[in-house]
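Structural overview
Here is what each chain is made of, one letter per residue.
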Number of protein chains: 2
Amino acid sequence: MRLKAVIAYDGTAYHGFQRQAPEREPSIQGTLEGALRKIGQAGGVLGAGRTDAGVHASGQVIAFDVNWRHGVADLQRALNATLPADIAVLELEQATDTFHPRYDAVSRTYRYRLSHTRVRNPLLTRYALHVPQELDVEALRRAVAHLIGTHDFAAFGQPTVGESTTRSLYRAEVNAEGSLIAIELEANGFLYRMVRRIVGTLIPIGRGERTEADFVAILQAADPHRAGPAVAPQGLCLTQVNY
Amino acid sequence: MRLKAVIAYDGTAYHGFQRQAPEREPSIQGTLEGALRKIGQAGGVLGAGRTDAGVHASGQVIAFDVNWRHGVADLQRALNATLPADIAVLELEQATDTFHPRYDAVSRTYRYRLSHTRVRNPLLTRYALHVPQELDVEALRRAVAHLIGTHDFAAFGQPTVGESTTRSLYRAEVNAEGSLIAIELEANGFLYRMVRRIVGTLIPIGRGERTEADFVAILQAADPHRAGPAVAPQGLCLTQVNY
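Keep in mind that what you see is a predicted model, and the values were worked out from it rather than measured.

1. Digging into the side chain of Ser 107 of chain B
Residues and elements named next belong to chain B. With respect to the helices and strands, the residue Ser 107 is situated in strand β5 (residues 107-115). Judged by relative accessible area, which is 3%, Ser 107 ranks as buried. A polar contact is formed between the side chain of Ser 107 and the side chain of Glu 186, at a distance of 2.6 Å. In this view, Ser 107 contacts Tyr 170, Glu 186, Ala 187, Asn 188, Gln 240, Val 241 and Asn 242; residues no more than four positions away in its chain are not counted.

Below is the structure:
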C-alpha cells in the first residue's frame, strides 16, 4: 500500500532532505526511513522537493510503501511518536500505487522570510534572514511581478534534473507584517537555489541600490554572474506542493 | 554613566536570566556581563524580570554602569557584535544614576503562546506549547477577565521577593491567529511561575473539562493545590516593561 504524507520540519539540524550515502549528518529522508524501520516498515521514502541543508518545510509531500494492518491514523500516531520533535507527519492518506510526490506535482510553493530591523531579532534568527536596512516593500512587489510566466530562469540557478532552465512561475507575492517580509513563489519547478538567488537579487532592490529595470535585465540576460548570491537557508520554507 | 537597555533573547540555551555562582550553565545576565567585559566594561547587569530557564524575552529591560568615551550607538553596536546570536540589545540610552530596572518598573507584560493543532508543528516547538486539542478561545477570554484587578494570586505562585502574594493585574488578553493562541498578561509584578501556572489552569477550561466558575473558585481560594501545573517554559516571553 502506497501512502502520501504532508510533513513539516525544522531543517536547522539536517544537511537537507536527501539521504546521503554514507549518512555522515542526519537528513530528513534518512530520519523518516529510520522512523519507518522502527515501526517495522523497511521501504524508502520519496520526496516532492529536495530542500537544502537548513531549509524548513511546512508542507513537504512524501510517499512510501507500507505493509500495515491497522488504520492510517494509527500509523500516523506511531510515526509522530517515533520521529524527533523537529519533524512531524501532518497528514497521511492512501495514494495510488504509482503516486510519485516529485513527478506528479504540478506546483510547489516556497516562502522566504526577511526580518528588516536595524538590530537583529534573536527570536527570528532561526526562521528569517536579518537585513539591517529598511526595505522598500513596493519595490520588491514590482520586481517579483516580472517573474510570473514561463521564462528561462538561468540567471537564478542551475537545473537539478535535465538540461532545461525554463520554468513556469504562477504566483509571486510579497507580504509584509511588522518587521517581517515574506516572499512567496509558486512554480511548476525550481532550479537549484533559485529562490535564494532571487531573494539575493531582490535585497539590493529593496534597499534602493538596484532598480526594477536591473532586475528585468538580469532575468532576461539569463546570465548567472549578474544575479545576487544565494541568501542563507534559514529564511526558506517549502510551504505547499500541489497535485 | 548608567545605561538602560531593552534586550531580546531566545532563552532556549540558558538556565535563566539570573547568573548563578558558580556559573555551571550560561545565564543571560552572565553572558551580558561577559560581553561587557570583552569591551572593557567590568560592571554588573541589573534586570527587570528574572525569567526562568528556557523563557524568552522580546522586551526585557536591563541597566549597567559604563565608563565609555564614545557614543551610546557605538556601544550598542559593540555589544551586539560581541553577544551571541540569541541575545541582542534592541535599544540603549542613558538613564539617571539611580535607575533600577526592577524597582522602578510599574508594569511587566508576559505573553504565553499555545499551538492547538492535532499534530505538533515542528516550526513552533521552540516558541509555543503544543496542545493536541482545539481550545475554546472565548472560554479562555471569559476566564482571564477575572484576573484583572488587585487579587491575592497565591493560587498561582509563590512570591519571588517578600511575603505578599497580592498583585495588580492591569490587562489580560487572549489573541488567536490561525492555530496560535497568545495569552497576554500585564501586571505590576508576577509571582514565581505565575503566568505558567495560570496557563496550566486555563488549558482544561479551553478544553471544556473545567468551567469559568472553577477558575474563579481557584483564584478566590488562593490555594496553590487547586491550580493546574506550570506549563513548559518555551511558550513564555517577557514582551514589555513599563516605567
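Still to come is the rest of the account.
2. Points about the domain arrangement of chain A
All names here are of chain A. Looking at the assigned domains, one finds that chain A contains domain 1 (2-94) and domain 2 (107-242). For domain 1 and domain 2, the distance between their C-alpha centres works out to 27 Å. Contact with domain 1, which involves 16 residues of that partner, is made by 16 residues of domain 2. Of the roughly 1200 Å² buried where domain 1 meets domain 2, counting both sides, 52% is carbon and sulfur surface.

3. Remarks on the relation of the copies chain A and chain B
You can overlay chain A on chain B at an RMSD of 0.0 Å; the transform is a turn of 180° with a shift of 0.0 Å along its axis. This pairing of chains is accounted for by a two-fold axis. Residue Arg 126 of chain A, judged by its C-alpha, is the member of chain A lying nearest the rotation axis, at 4.9 Å.

4. Description of the pairing of strand β10 (residues 236-242) of chain B
Residues and elements named next belong to chain B. Within β10, five of the seven residues are buried, leaving the element largely enclosed by the surrounding structure. Both strand β3 (residues 56-65) and β10 contribute to a ladder of two bridges, which runs parallel. The partner of His 56 across the bridge, within β10, is Cys 237. As paired elements, β5 and β10 share six bridges and run antiparallel to each other. By the bridge assignment, Thr 109 is partnered in β10 with Gln 240.

Cut-off values and rules
Residues numbered from 1 in each chain as written. Chains lettered and ligands numbered in written order. Predicted model: local features only at pLDDT ≥ 70, side-chain atom pairs only at ≥ 80, totals over all residues. Heavy atoms only, no water. Helix = DSSP H or I, 4+ residues; strand = E, 2+ residues; numbered from the N terminus. Buried < 20%, exposed > 50% of the residue type's maximum accessible area, 1.4 Å probe, protein only. Polar contact = N/O pair within 3.5 Å; in protein donor to acceptor, adjacent residues only side chain to side chain. Contact = heavy atoms within 4.5 Å. Domains from an automatic or database assignment. Buried area = accessible area lost by both parts, 1.4 Å probe. Least-squares fit on C-alpha atoms with pLDDT ≥ 70 in both. Pairing = 2+ DSSP bridges.

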